[in-house]
Amino acid sequence: QVSLFNLTVRDAASLGSNELAIARGEQLASSGIELAVAGILEPDPRRRWDAGGEFRVVRFGGAVLEISVSNEGGRIDLNAASEDLLSAVLYPYARSPATTAQWVDRILDWRDTDDEARPNGAEATDYARAGVAYRPRNGRFLNPLELGRVLGIPPEIARALANRLTVYGIDGKINPLYASREVLLMLPGANPVEVDNALQLRERLRDDAEPVMAALASVKDWITTDKTSVYRIDVTVRGETKSAFGRAEAVVLVDQTPRTGDNAVAD
């Protein structure tokens, strides 16, 4: 079973002026998402698509499709990240302990359910005083880009962090089998030498998590072997034998639980 959380056809018109090519590209981009889902569900582990975010090239329908699949467990969950983890993620952008503390408190105030502001935080009265037309959600972030609505956090910071954050993660930890180098280096206490060694082990050993976990001793409190069932699929289309332009991104929940009973598939 597959549930589509979000599908975005991205800037197709900017890629070409041929309306037929754009329409064809959008259809092919959607087909690319379906191909990726089939690859994720492939029962043979040797043929199953990797979810580490690498691009694969597929020739389909007279076009070239560049498709990447990434498991959201390789990103930092904006809803579950602790204060220490948020501080480590934000400090390079805030560039001062005071601004970092303010941003962290305001994120926590955005996602908690009460109206009591933290020492450096902001609740509804602070947003009203600042003259903005909205109030903190007092609930879960629905999208990483919503970070840019938190009072005092510039939208460009949210955009810069968007490809490293998620709202579908794993209890405030990340799975290093799917995380990028940039995400791993954001973890508190991350050692670049350890991170690079772990990435080399991951490339060589693929699905063997134990050596990768062992190599990341400096961030052991922030990593997990668990993974989420949510995947991000990115597709770019360019024409080969037929003119086509298109891009699409989808966030999908892929239920890989075997069916039983009346719905079971017979061998």
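Relevant structure appears above.
It should be emphasised that the depicted structure is a prediction, and the values quoted were computed from it without experimental measurement.

A. Spotlight on the environment of Glu66. Looking at the element boundaries, Glu66 is found in strand β3 (residues 63–71). Sequence separation of Glu66 and Arg247 is 181 residues, and the distance between their C-alpha atoms is 9.5 Å. Once you skip the residues sitting within four places of it in the chain, Glu66 turns out to touch Phe55, Arg56, Val57, Asp234, Val235, Thr236 and Arg238.

B. Layout of the packing of helix α2 (residues 83–94) against helix α3 (residues 97–111). As a packed pair, α2 and α3 sit with axes 9 Å apart at the nearest point and diverge in direction by 130°. The orientation of α2 with respect to α3, classified from their angle, is oblique. For the pair α2 and α3, the sense of crossing is right-handed. Together, Glu83, Leu86, Ser87, Leu90, Tyr91, Tyr93 and Ala94 of α2 and Pro97, Thr99, Thr100, Trp103, Val104, Ile107, Leu108 and Arg111 of α3 make up the contact between the two elements. Split into classes, the residues belonging to the contact of α2 with α3 amount to ten nonpolar, three polar and two charged.

C. Examining α2 more closely. Restricting attention to buried positions, one finds in α2 the residues Leu85, Leu86, Val89, Leu90 and Ala94. The buried residues of α2 occupy one face: seen down the axis, they fall within an arc of 150°. In this structure, the buried residues of α2 make contact with β4 (76–77), α3, α5 (155–161) and α6 (181–186). Following α2 by one or two positions, Arg95 adopts a phi angle in the positive range, close to 70°.

D. Focus on the pairing of strand β2 (residues 52–60). The pairing of β2 with β3 spans seven bridges and is antiparallel. Note on β3: the bridge partner recorded for Phe60 is Ala63. As consecutive antiparallel partners, β2 and β3 are separated by two residues, and within that stretch Gly61 has a phi angle of approximately 60°, a positive value.

E. Structural view of unusual backbone geometry. Positive phi, close to 55°, is recorded for Asn138, a residue that is not glycine. Inspection of the secondary structure puts Asn138 in the loop between α4 (124–130) and α5. Of note, Asp171 is a non-glycine position whose phi angle comes to about 50°, a positive value. When you line up the elements, Asp171 lands in the loop between β5 (165–166) and α6.

F. Local environment of the pattern of salt bridges. Within this structure, the stated rule accounts for eleven salt bridges. As a salt-bridge pair, Arg118 and Asp109 come within 3.5 Å of each other at their nearest N and O atoms. Residue Arg118 is classed as partly exposed on the basis of its relative accessible area, which comes to 30%. Here Arg181 makes a salt bridge to Asp196, at a shortest N to O gap of 2.6 Å. Of the two residues, Arg181 is situated in helix α6 and Asp196 in helix α7 (residues 192–205); the sequence distance between them amounts to 15 residues. Taking relative accessible area as the criterion, Arg181 reaches 34% and is therefore assigned partly exposed. Within this structure, Glu72, Arg75, Arg232 and Glu249 form a network of salt bridges that share partners.

G. Examining the nonpolar core more closely. Ile76, Ile107, Leu147 and Ile233 are the most contacted members of the largest nonpolar core, which totals 66 residues. For this core, the element with the most residues is helix α1 (residues 19–41), which contributes six residues. When sequence neighbours within four positions are dropped, the list of residues in contact with Leu147 reads Leu78, Ile107, Phe141, Ile153, Ala158, Leu161 and Leu165.

The rules behind these values
- Residues numbered from 1 in each chain as written.
- Predicted model: local features only at pLDDT ≥ 70, side-chain atom pairs only at ≥ 80, totals over all residues.
- Heavy atoms only, no water.
- Helix = DSSP H or I, 4+ residues; strand = E, 2+ residues; numbered from the N terminus.
- Contact = heavy atoms within 4.5 Å.
- Axes fitted to C-alpha atoms, helices over the stretch in contact; angles between N-to-C directions.
- Parallel < 35°, antiparallel > 145°, perpendicular 65-115°, else oblique.
- Left-handed = near helix turned anticlockwise from the far one by under 90°.
- Nonpolar A, V, L, I, M, F, W, Y, C, P; charged D, E, K, R; others polar.
- Buried < 20%, exposed > 50% of the residue type's maximum accessible area, 1.4 Å probe, protein only.
- Arc of directions from axis to C-beta.
- Pairing = 2+ DSSP bridges.
- Salt bridge = Lys/Arg side-chain N within 4 Å of Asp/Glu carboxyl O.
- Core = buried A, V, L, I, M, F, W, Y, C linked by side-chain atoms within 4.5 Å.

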